[in-house]
Amino acid sequence: MNTVVSGIRSTGNLHLGNYFGAIKNFVQMQNDNNCFFFIADWHSLTTHPNPADLHTNVRNVLAEYLACGIDPEKACIYVQSDIPEITELYLLMNMNAYLGELQRTTSFKDKARKHPENINAGLLTYPVLMAADILIHRAKQVPVGKDQEQNLEMASKFAKRFNNTYGEELFPIPKPYSFTGEFIKIPGLDGSGKMGKSEGNAIGLVEDPKAIKKKVMKAVSDSGPTEMNQEKPEAIQNLFTLMDVVSTKDTFDFFNDKYNSCEIRYGDLKKQLAEDIINFNAPIREKFLEISKDDEYLRRVTRLGAEQARESAAKTLEEVRRLMGFRKF
Ligand code: TRP
């Protein structure tokens, strides 16, 4: 079976865009791959989170992923900081990672530009830690979005370099996961562009229904079509795209026909869309609230995950030490 690794940043809540763009595929992937999904809490340290929030962030992300259907019986789910083997591999990989190549990565340059007061070494070696996350399980594939492509290329480079330096094909060269399902880009409600946390237009998966309704009712629209079967402007198309993923086909067709015959009332469409988003979210939100309360369950999940991940990691590390020349007395 194909080994797949993916890290999830422990920052903030998941939104509909995350769900349709990635998590739905993760849930599918776990059925026919050997998946390792982890919460990247060490990676979150580059921006110095408040210690009082660190654990809560990890806990929320974990509960949200479980609520979406990531299944600890199918995939190995763990918290990065529970796996000390990753730090050792990170240290060893750092010896063959060069300042120049790390400084040249776009994410480093971006972050250094945005936060000139906090250009720490962890930020510089972020791609090395990410490579250690991937290589520790000798993963062949990594499901990543566009923004992580360069980090994955670095991981491949470090894997090749290690294999060449120590003369054995220990690490498979990690490749982007090729999804079979389609990627659906979820638009925002502000008239253009995609839904995103940093865009400030996101609808959270476990967000309060009243807040969702308010956001949807405020979505950008226009004064309505003036000609039959008129092409939809972006803001209107966005509402229909959302409707396409959360509503039934009948509902979609009903409003689409109304649009085409110039009889549409956007207030009615938004009311329906809000209701359908809330209904779509309901089982996820319910499960999230239930899981969040269940300390015992979360403890069980993370313990089992750590046990499985450490077993896989220890095997790799043993080979790494051997190849690099470490011997026991
Ligand atoms: N850097 C990734 C992100 O920001 C998170 C991540 C950390 C990751 N380690 C990883 C993703 C290993 C894939 C594989 O989203």
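Going by the structure above, here's the rest.
Each value, and the rule that gives it
- Residues numbered from 1 in each chain as written.
- Predicted model: local features only at pLDDT ≥ 70, side-chain atom pairs only at ≥ 80, totals over all residues.
- Heavy atoms only, no water.
- Helix = DSSP H or I, 4+ residues; strand = E, 2+ residues; numbered from the N terminus.
- Contact = heavy atoms within 4.5 Å.
- Areas by Shrake-Rupley, 256 points an atom, 1.4 Å probe, with all protein chains shown as cover.
- Salt bridge = Lys/Arg side-chain N within 4 Å of Asp/Glu carboxyl O.
- Buried < 20%, exposed > 50% of the residue type's maximum accessible area, 1.4 Å probe, protein only.
- Phe/Tyr/Trp six-rings, centres within 6.5 Å; stacked < 30°, edge-to-face > 60°.
- Lys NZ or Arg CZ within 6 Å of the ring centre and 35° of its normal.
- Near = heavy atom within 4 Å.
- Polar contact = N/O pair within 3.5 Å; in protein donor to acceptor, adjacent residues only side chain to side chain.
- Nonpolar A, V, L, I, M, F, W, Y, C, P; charged D, E, K, R; others polar.
- Pairing = 2+ DSSP bridges.
- Right-handed = clockwise from strand over helix to strand, strands pointing away.

Draft legend 1. Quick look at the overall build of the chain. Helices and strands together make up the secondary structure of the chain, namely 13 helices and five strands. Across its three principal directions, the C-alpha atoms of the chain cover 80 × 45 × 40 Å. Taking as baseline every contact in the chain between residues at least 6 positions apart, the subset at least 24 positions apart corresponds to 79%. Carbon and sulfur atoms form 51% of the exposed surface of the chain, whose accessible area is close to 17200 Å².

Draft legend 2. How the structure looks around the pattern of salt bridges. In the structure shown here, the tally under the stated rule is 15 salt bridges. A salt bridge links lysine 215 to glutamate 207; the shortest N-O distance between them is 2.9 Å. Taking relative accessible area as the criterion, lysine 215 reaches 32% and is therefore assigned partly exposed. When its relative accessible area of 18% is taken as the criterion, glutamate 207 is described as buried. Here the salt bridges share partners, and the residues they tie into one network are Glu101, Lys157 and Arg161.

Draft legend 3. Geometry of the packing of aromatic side chains. Considering all chains together, one arrives at ten aromatic pairs under this definition. Here tyrosine 19 and phenylalanine 20 contribute two aromatic rings whose centre-to-centre distance is 5.2 Å and whose plane-to-plane angle is 85°, an arrangement assigned as edge-to-face. With a relative accessible area of 5%, phenylalanine 20 lands in the buried category. Aromatic side chains phenylalanine 240 and phenylalanine 252 sit 5.7 Å apart centroid to centroid with 85° between the ring planes, which places their arrangement in the edge-to-face category. Of the two residues, phenylalanine 240 sits in helix α10 (residues 234–246) while phenylalanine 252 sits in helix α11 (residues 249–260), which places them twelve residues apart along the sequence. Just as phenylalanine 240 is buried, phenylalanine 252 falls in that class too. Across from the ring centre of tyrosine 126, 4.8 Å away, lies the NZ or CZ of lysine 111, which sits over that ring.

Draft legend 4. Spotlight on the side chain of serine 6. Residue placement: serine 6 occurs in strand β1 (residues 3–9). Not counting residues within four places of it along the chain, the set of residues in contact with serine 6 comprises Phe26, Phe36, Phe37, Phe38 and Pro143.

Draft legend 5. Focus on the site of the ligand. Taken together, the neighbourhood of the ligand is formed by Ser6, Gly7, Arg9, Phe38, Ala40, His43, Tyr126, Met130, Asp133, Ile134, Val142 and Gln148. Measuring from an oxygen atom of the ligand, one finds a side-chain N or O atom of arginine 9 at 2.7 Å. The fraction of the free accessible surface of the ligand (360 Å²) that becomes covered by protein chains is 95%. Of all elements in the fold, only β1, β2 (34–40) and α7 (126–135) reach the threshold of two or more residues within the shell around the ligand. At four residues, α7 tops the list of elements feeding residues into the shell around the ligand. Looking at the shell around the ligand residue by residue, the class counts come to six nonpolar, four polar and two charged.

Draft legend 6. Highlighting unusual backbone geometry. Its identity as a non-glycine residue notwithstanding, asparagine 229 has a phi of 50°, on the positive side. Structurally, the position occupied by asparagine 229 is in the loop between α9 (209–217) and α10. Looking at asparagine 229, the relative accessible area reads 58%, which means it is exposed. The phi dihedral of cysteine 262 falls on the positive side, at around 60°, and the residue is not glycine. Residue placement: cysteine 262 occurs in the loop between α11 and α12 (266–293).

Draft legend 7. View of the pairing of β2. The element β2 is largely enclosed, with a buried count of six among its seven residues. As paired strands, β1 and β2 are joined by seven bridges and run parallel to one another. If you follow isoleucine 8 over to β2, its bridge partner there is isoleucine 39. As for the winding sense of the linkage, the β-α-β connection from β1 through helix α1 (residues 16–29) to β2 is right-handed. One ladder, built from four bridges, connects β2 with strand β3 (residues 76–79); its direction is parallel. Paired with phenylalanine 37 across the bridge in β3 is isoleucine 77.

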